[in-house]
Amino acid sequence: MKIILRIINAALLLIIILVAGFAGLITYALITDFKPQEKLTISTAGTSAISDTSEFTLLTWNIGYCGLDRDMDFFYDGGTKVITTKPRCTQNLEAVKDFLGANADADFIFIQEIDKRSKRSYLMNEYDSILKVLSSYKGFFAVNYDVFFVPLPFSSPMGKVFSGLATLSKSEASSSIRYAFPGEYGFPKQLFMLDRCFIVNRYSLNNGKELLIINTHNEAFDKGNIRKAQMAYLKKFIEAEFSKGNYVITGGDWNQTPPGFRAAFDKNVADNTNMNIPEGFMPEGWKWLFDNSNPSERNVVKAYDQASTPTTIYDFFLISPNIEAISVKCTNLGFKNSDHNPVKIKVRLIR
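Source: prediction; values computed, not measured.

Peer 1: What is the right way to look at the overall build of the protein chain in this model?
Peer 2: Of the regular secondary structure elements, the protein chain holds 4 helices and 16 strands. Across the 351 residues that make up the protein chain, the buried fraction comes to 53%. For the protein chain, the proportion of contacts with a sequence separation of at least 24, taken over those separated by at least 6, is 75%. Carbon and sulfur atoms make up 56% of the accessible area of the protein chain, which amounts to about 15,500 Å² in all.

Peer 1: Can you help me understand the pairing of strand 2 (residues 55-62) in this one?
Peer 2: Successive side chains on a regular strand alternate, one facing one side of the sheet and the next facing the other. For strand 2, the buried fraction is high: 7 of the 8 residues fall into the buried class. The pairing of strand 2 with strand 3 (residues 108-115) spans 5 bridges and is classified as parallel. Bridging across to strand 3, Leu59 finds its partner in Ile109.

Peer 1: Just to check I follow, could you spell out the layout of surface pockets for this structure?
Peer 2: In this approach, a probe sized like a water molecule rolls over the atoms, and the result shows the empty space that is left. Taken as a whole, the largest pocket spans an internal volume of roughly 610 Å³. What lines the largest pocket is a set of 29 residues, and nearest its centre among them are Asp77, Ala220, Phe221, Asn255 and Glu297.

Peer 1: When you look at the confidence of the model for the protein chain in this model, what are you seeing that I'm missing?
Peer 2: Low pLDDT marks regions whose predicted coordinates should not be analysed in detail. Taken over all residues, the pLDDT of the protein chain has a mean of 89, while the share at 70 or more is 87%. For the stretch residues 17-23, pLDDT sits under 50, and the model shows 0 contacts to residues farther than four places along the chain or on other chains.

Peer 1: What's the story with the side chain of Asp339 in this structure? I'm lost.
Peer 2: Along the chain, Asp339 falls in the loop between strand 15 (323-330) and strand 16 (343-349). Salt bridges are absent for the buried Asp339, whose nearest opposite-charge side chain, Arg298, sits at 6.2 Å. Those residues within four positions of Asp339 in sequence are excluded, and the remaining contacts are Gly64, Leu68, Ser296, Glu297, Arg298 and Val300.

Peer 1: Is there a simple way to think about helix 2 (residues 86-102) in this case?
Peer 2: Every α-helix winds through 3.6 residues per turn, so residues three or four apart in the chain are directed the same way. Helix length check: helix 2 (17 residues) gives 24 Å between terminal C-alpha atoms against 24 Å at 1.5 Å per residue, within 8%. Every buried residue belonging to helix 2 is among Arg88, Cys89, Asn92, Leu93, Val96, Lys97, Phe99 and Leu100, and all of these are buried. Check the buried side of helix 2 and you find it contacts strand 2, strand 3 and helix 3 (126-133).

Peer 1: When you look at the packing of helix 2 against helix 3 in this model, what are you seeing that I'm missing?
Peer 2: Think of two packed helices as two axes; the pair is described by the angle between the axes and how far apart they sit. Between helix 2 and helix 3, the least distance of the axes is 10 Å, while the angle of their chain directions is 35°. Helix 3 is crossed by helix 2, and the crossing has right-handed handedness. Contact residues: helix 2 offers Leu93, Val96, Lys97 and Leu100, while helix 3 offers Glu126, Ser129, Ile130 and Val133.

Peer 1: Explanation requested: the packing of aromatic side chains in the structure shown.
Peer 2: For any pair of aromatic rings, the description rests on two quantities: the centre-to-centre distance and the angle between the ring planes. A full pass over the atoms with the stated rule returns 21 aromatic pairs. With a centroid separation of 5.9 Å and 40° between ring planes, the pair formed by Phe110 and Phe317 is classed as tilted. Residue Phe110 is located in strand 3, and its partner Phe317 is located in strand 14 (residues 315-319); the two are separated by 207 residues in the primary sequence. The buried category is assigned to Phe317, whose relative accessible area is 0%. These aromatic residues form a ring-pair network of at least three members: Tyr179, Phe181, Phe198, Tyr233 and Phe237.

Peer 1: What is the right way to read the environment of Ser308 from this model?
Peer 2: Mapped onto the elements of the fold, Ser308 is located in the loop between strand 12 (297-298) and strand 13 (310-312). Ser308 gets classed as partly exposed once you look at its relative accessible area, which sits at 34%. Ser308 sits 40 residues away from Asn268 along the chain, and the two C-alpha atoms are 7.7 Å apart. Once you skip the residues sitting within four places of it in the chain, Ser308 turns out to touch Val269 and Lys302. A distance of 2.8 Å separates polar atoms of two side chains, one belonging to Ser308 and the other to Asp305.

Peer 1: Please explain the nonpolar core as it appears in this structure.
Peer 2: When a protein is soluble and globular, its nonpolar side chains tend to lie buried together. By size, the foremost hydrophobic cluster in this structure holds 24 residues, and its most contacted members are Phe198, Ile214, Phe237, Ile238, Trp254 and Trp288. Per element, the largest residue contribution to this core is 4 residues, and it comes from helix 4 (residues 225-243). Other than its neighbours up to four places away in sequence, Trp254 contacts Thr216, Asn218, Glu219, Met231, Leu234, Ile277, Trp288, Tyr314, Phe316, Phe317 and Leu318. Core analysis: the second largest hydrophobic core is formed by 23 residues, Cys66, Ala106, Leu131 and Leu134 among them.

Peer 1: Just to check I follow, could you spell out the pattern of salt bridges for this structure?
Peer 2: Oppositely charged side chains are able to pair whenever their charged atoms sit close together. Using the criterion set out here, one finds 13 salt bridges in the structure. Residues Asp105 and Lys344 are paired through a salt bridge, measuring 2.8 Å at the closest nitrogen-oxygen approach. Here Lys344 lies in strand 16 and Asp105 lies in the loop between helix 2 and strand 3, a separation of 239 residues in the sequence. Note that Arg120 is salt-bridged to Asp115, the shortest N-O span being 2.9 Å. Considered together, Arg120 and Asp115 belong to a single accessibility category, that of buried residues. Ionic contacts of the salt-bridge type, sharing partners, join the residues Glu55, Glu324, Lys346 and Arg348 into one network.

Peer 1: Help me out: how do you make sense of helix 3 in this one?
Peer 2: Taken together, the buried positions of helix 3 are Glu126, Tyr127, Ser129, Ile130 and Leu131. The elements touched by buried residues of helix 3 are helix 2, strand 3, strand 4 (138-150) and strand 5 (159-169). With a side-chain oxygen positioned 3.3 Å from the backbone nitrogen of Tyr127, the residue opening helix 3 is Asn125.

Peer 1: So what exactly am I meant to see when it comes to the sheet that holds strand 6 (residues 175-180) here?
Peer 2: Two modes of strand pairing occur in sheets, parallel and antiparallel, and in both the strands are linked by backbone hydrogen bonds. Taken in spatial order, the 7 strands make up an open sheet running 1-6-7-8-9-14-11, and their pairing is mixed. Every interior strand has two partners, whereas the edge strands, strand 1 (39-43) and strand 11 (287-289), have only one. When the angles between neighbouring strand axes are averaged without regard to direction, this sheet yields 20°.

About the criteria used
- Residues numbered from 1 in each chain as written.
- Predicted model: local features only at pLDDT ≥ 70, side-chain atom pairs only at ≥ 80, totals over all residues.
- Heavy atoms only, no water.
- Helix = DSSP H or I, 4+ residues; strand = E, 2+ residues; numbered from the N terminus.
- Buried < 20%, exposed > 50% of the residue type's maximum accessible area, 1.4 Å probe, protein only.
- Contact = heavy atoms within 4.5 Å.
- Areas by Shrake-Rupley, 256 points an atom, 1.4 Å probe, with all protein chains shown as cover.
- Pairing = 2+ DSSP bridges.
- 1 Å grid on protein atoms, 1.4 Å probe; cavity = no way out; pocket = protein on both sides within 12 Å on 5 of 7 lines; lining within 4 Å.
- Points joined across faces, edges and corners; volume = space filled by probe spheres on them.
- pLDDT = per-residue confidence, 0-100.
- Lys, Arg positive; Asp, Glu negative; His and termini not counted.
- Salt bridge = Lys/Arg side-chain N within 4 Å of Asp/Glu carboxyl O.
- Expected span 1.5 Å × (residues − 1).
- Axes fitted to C-alpha atoms, helices over the stretch in contact; angles between N-to-C directions.
- Left-handed = near helix turned anticlockwise from the far one by under 90°.
- Phe/Tyr/Trp six-rings, centres within 6.5 Å; stacked < 30°, edge-to-face > 60°.
- Polar contact = N/O pair within 3.5 Å; in protein donor to acceptor, adjacent residues only side chain to side chain.
- Core = buried A, V, L, I, M, F, W, Y, C linked by side-chain atoms within 4.5 Å.

Printed below as a string of structure tokens:
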């Protein structure tokens with residue numbers, strides 16, 4: 001009987017400790033929860049105007065915090081792994097810097113999932129490291145993931161995450177502002193998830209109008225309602241800016257396929273199970289720029305295999321009717337260092 005009572009007491013004590021620990025975790029998460037305002041100014045430094053007849057080259061790349069190389073799967077997407085090894089993470093970062101350095105002809109570079117201090121990337125400041133290589137660029141960083149401790153998966157918690165998206169520009173923006181997307185998960189999941197946003201950089205043109213360069217990273221893990229709310233919010237914003245006569249370029253990782261997308265991949269398997277932006281979402285004249293001959297994103301339920309891994313396009317651009325598309329190209333890097341491939345466009349402003 002005494003043995004049974006000891007077992008019961010030990011079990012009760014363990015339950016109390018677990019409940020107290022969970023309550024403490026939630027309480028601290030509530031206290032430290034990152035709750036940015038809807039509109040947050042990053043910079044207001046620039047004053048000079050740029051030509052309204054210019055051609056611009058833009059590149060977007062979700063670098064997967066340099067932790068989602070081709071050998072990785074990810075637990076949030078049905079895999080089992082959390083982080084890659086430190087040598088591989090370092091190697092991935094060096095490869096990202098090499099590619100961006102080789103494409104430094106771009107006037108604007110959009111980066112998503114770039115860490116400043118996260119356990120998953122061994123506390124490396126990837127943002128500063130990339131800016132040191134791209135010294136001719138001015139950097140604008142917006143936090144979208146600031147959690148002191150992500151407790152999942154329980155067997156090997158992801159831990160601290162401090163990450164975001166960055167816009168690199170060769171011209172000084174008259175302003176750079178972080179806009180918070182609407183929508184969030186229920187309690188307590190929302191305490192440990194991303195706070196999605198987009199960065200709006202404004203550039204004065206010599207015709208008195210503005211060029212808006214928008215870097216977006218939309219929701220990935222909901223069943224559609226949050227993404228729809230985010231897209232409605234973004235649409236209202238960019239249509240209002242275009243109605244003023246401004247030029248608007250929006251790009252990044254949309255976590256959904258563009259309207260009218262039909263894969264024409266020669267070497268990859270197309271994933272046709274993704275949420276897509278409906279055709280007719282934007283009014284006539286707006287143009288979606290994507291390269292349907294190369295995938296920009298792979299499924300991370302398991303390590304990448306060219307012959308079997310489902311792939312799609314999540315990374316692309318949207319330009320307003322007063323902008324002409326010249327070219328668009330997704331560079332197929334074989335997902336060697338990230339679960340995304342970079343996409344580059346060239347456009348011209350129409351007077």
